[in-house]
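# Fold and contact review
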Amino acid sequence: MTQTFNLPIRPRRLRANAAMRRMVRETHLSPADFIYPIFVRHGEGIRQPIPSMPGIAQLSVDEAVKEAGTARALGIPAVILFGIPAEKDPIGLENFAADGIVQQATHAIKKAHPDLLVVTDVCLCEYTDHGHCGIVHGTEISNDETLEVLQRVALSHARAGADIVAPSGMMDGMVGAIRAILDEYNFTGVSILSYAVKYASSYYGPFRDAADGAPKFGDRKTHQMDYGNAREARREVELDLAEGADMIMVKPALAYLDIIRQTADHCPVPVAAYNVSGEYAMVKAAAEKGWLDEKKVVLETLTAIKRAGADIILTYHALDAARWLDSFNE
Ligand code: PBG
Ligand code: ZN
């Protein structure tokens, strides 16, 4: 006979079986939490795989429309578009061209799927020949000259039908400048999802292959945040809220769960977290080697990002995760 100890509290009671665990789970992931990133390029019928991001490809507009339809059918409310232009130059002219690649894709996706939200990334780095997020003089990025370009880009995205613009360049005043131009041209209904807290991170590596947007010299440390800093994130959030940001993003996600938590605790607007390319690549690489169970790791990771306080998760896993969630019952 084993002895029964007098333990008034036995936490294991609530973990005894799947139904009990499901009932007491605090954080539930849903396809409604996701924004799915899509890389758009010129051409037709093109799905150009990105080697460092297995399962993700640069898509021509027709293929992007199909991909967006898949996301929508899975219950994902939004896609975010990144453009690969035909040509690059010091300013990035295609970035604000009415027939630029993102403008074309936005228009086509909204036409085919009016109730799917289209978010556009607003930055210069994919369009400039030097690969920087702003107008460059010598080795300096000119903040205020860049704001003028960002205004043009955001306005052209709004004209193409974007529901949400997402400035990602960490320029001072970018949210206020974009809100002002959108309102001036009567796009008062277009929301701003600010990449308010974006760290200078090596986890963006695969994305820079995907979007061909690596800086040709130097780095992004004069605008993106130092990964040693947490209090500074509060200041960035406060500023962007004061400038009119409707939603705030923290990026990357996994090495910054503390920053997501901190932001969610004091931020009155929805908080998004970007599960970035390097985080995706690590999981895919380990899964390909058979070292991790991809499905389980992805669902655990995305749940952790939500548990940390993210209301919205931008993730390359979105389509897979939405499919897996149907049968998610551990
Ligand atoms: C461009 C931009 C980047 C990412 C999103 N927008 C790259 C960068 O800042 O260098 C990274 C996304 C990812 O790694 O998945 N401003
Ligand atoms: Zn950029």
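Our subject in this report is the structure included herewith. (Residues numbered from 1 in each chain as written. Chains lettered and ligands numbered in written order. Predicted model: local features only at pLDDT ≥ 70, side-chain atom pairs only at ≥ 80, totals over all residues. Heavy atoms only, no water.)

## A closer look at helix H3 (residues 101-112)
Heads up, the condition is: Under the scheme used here, helices are H or I runs from DSSP no shorter than 4 residues and strands are E runs no shorter than 2 residues, and both carry numbers assigned from the N terminus. The span expected for a helix works out to 1.5 Å for each residue beyond the first. For every residue, the accessible area obtained with a 1.4 Å probe (protein chains only) is divided by the maximum for its type, and the residue is called buried under 20%, exposed over 50%, and partly exposed between those limits. By definition, residues are in contact when any of their heavy atoms lie within 4.5 Å.
Between its first and last C-alpha atoms H3 spans 17 Å; for 12 residues at 1.5 Å apiece the expected length is 16 Å, and the two agree. Along H3, the positions that sit buried rather than exposed are Ile101, Val102, Gln103, Ala105, Thr106, Ile109 and Lys110. Its buried side turned inward, H3 meets strand E1 (34-41), helix H2 (61-73), strand E4 (78-84), strand E5 (117-122) and helix H4 (143-160).

## Regarding the coordination of the zinc ion (ligand 2)
Short version of the rule: Metal donors: N, O and S atoms at distances within 2.8 Å, or within 3.2 Å for Na, K and Ca, with water omitted from the atom set so that some sites may seem incomplete.
Within the protein, the zinc ion (ligand 2) binds to Cys123 (SG), Cys125 (SG) and Cys133 (SG); these donor distances fall in the range 2.2 to 2.3 Å. Within one chain, the residues donating to the zinc ion (ligand 2) are spaced in sequence as C-x1-C-x7-C. In this pair, the class of Cys125 matches that of Cys133, namely buried.

## Side note on the nonpolar core
This is how the line gets drawn: Only buried residues count toward a nonpolar core, which is a set of Ala, Val, Leu, Ile, Met, Phe, Trp, Tyr and Cys residues joined through side-chain atoms within 4.5 Å.
By size, the foremost hydrophobic cluster in this structure holds 105 residues, and its most contacted members are Phe34, Ile38, Phe39, Val79, Leu193, Val197 and Tyr274. With seven residues, the top contributor of residues to this core is H4. Sequence-distant contacts of Val79, that is, excluding residues within four places in its chain, are made with Ile35, Tyr36, Ile38, Ala68, Ala71, Leu116, Leu117, Val118 and Val119.

## Looking at unusual backbone geometry
In this chain, Lys251 is followed by Pro252 through a cis amide linkage whose omega measures -10°. Positionally, Pro252 belongs in the loop between strand E10 (247-251) and helix H8 (257-266). A positive phi angle, near 70°, is found at Asn186, a position not held by glycine. With a phi angle near 50°, Asp212 is a residue other than glycine that sits in the positive phi range. Structurally, Asp212 is set in the loop between helix H6 (205-210) and helix H7 (231-242).

## A word on the site of ligand 1
Cut-off, in case you're wondering: We define proximity as follows: a residue is near a molecule or strand when any one of its heavy atoms falls within 4 Å of that partner. Definition of a polar contact: a pair of N or O atoms within 3.5 Å, with one able to donate and the other able to accept a hydrogen when the atoms are protein atoms, and with sequence-neighbouring residues admitted only if both atoms are side-chain atoms. With residues, only the protein chains shown are counted as cover, and all accessible areas are computed by Shrake-Rupley using a 1.4 Å probe. Only Asp, Glu, Lys and Arg are considered charged in this grouping, and only Ala, Val, Leu, Ile, Met, Phe, Trp, Tyr, Cys and Pro are considered nonpolar; every other residue, Gly among them, is considered polar.
Taken together, 19 residues lie around ligand 1, and Lys198, Arg208, Lys251, Ser277 and Tyr316 are the ones closest in. Within the contact set of ligand 1, an oxygen atom lies 3.0 Å away from a side-chain nitrogen or oxygen of Arg220. At a separation of 3.4 Å, a nitrogen atom of ligand 1 approaches a polar side-chain atom of Lys251. If ligand 1 stood free it would expose 400 Å²; the protein chains cover 100% of that surface. Among the elements of the structure, strand E9 (191-198) and H6 are those that each provide at least two residues to the shell around ligand 1. Classifying every residue of the shell around ligand 1 gives 10 nonpolar, three polar and six charged.

## Quick notes on the pairing of E10
Definition in use: By definition, two strands form a pair when at least two bridges between them are found by DSSP. For the handedness criterion, the strands are oriented away from the viewer, and a crossover whose path from the first strand over the helix to the second runs clockwise is classed as right-handed.
For E10, the buried fraction is high: five of the five residues fall into the buried class. Burial of E10 is two-sided: the residues Met247, Met249 and Lys251 facing one way and the residues Ile248 and Val250 facing the other way are all buried. Looking at chain direction, E9 and E10 are connected through four bridges and run parallel. Residue pairing across strands places Ser194 opposite Ile248, the latter belonging to E10. One ladder, built from three bridges, connects E10 with strand E11 (residues 271-275); its direction is parallel. Opposite Val250, over in E11, you have Ala273 as the bridge partner. The parallel pair E10 and E11 is bridged by H8, and the resulting crossover is right-handed.

## Observations concerning the packing of aromatic side chains
Aromatic ring pairs are described here by two measures, namely the spacing of the ring centres and the angle between the planes. The criterion, for reference: Within 6.5 Å between ring centres, the rings of Phe, Tyr and Trp (the latter by its six-membered ring) count as paired, and their orientation is classed by plane angle as stacked under 30 degrees, edge-to-face over 60, tilted in between.
Per the stated rule, a full pass over the model turns up eight aromatic pairs. Relative to Tyr316, the ring of Phe39 lies with its centre 6.2 Å away and its plane at 5°, an arrangement referred to as stacked. Residue Phe39 is found in strand E1, and its partner Tyr316 is found in the loop between strand E12 (312-315) and helix H11 (318-325); the two are separated by 277 residues along the sequence. As far as the burial class goes, Phe39 and Tyr316 line up, both buried. Centre to centre, the rings of Tyr274 and Tyr316 are 6.0 Å apart; their planes meet at 45°, and the pair counts as tilted. Taken together, the residues span a long stretch of sequence, with Tyr274 in strand E11 and Tyr316 in the loop between E12 and H11 at a distance of 42 residues.

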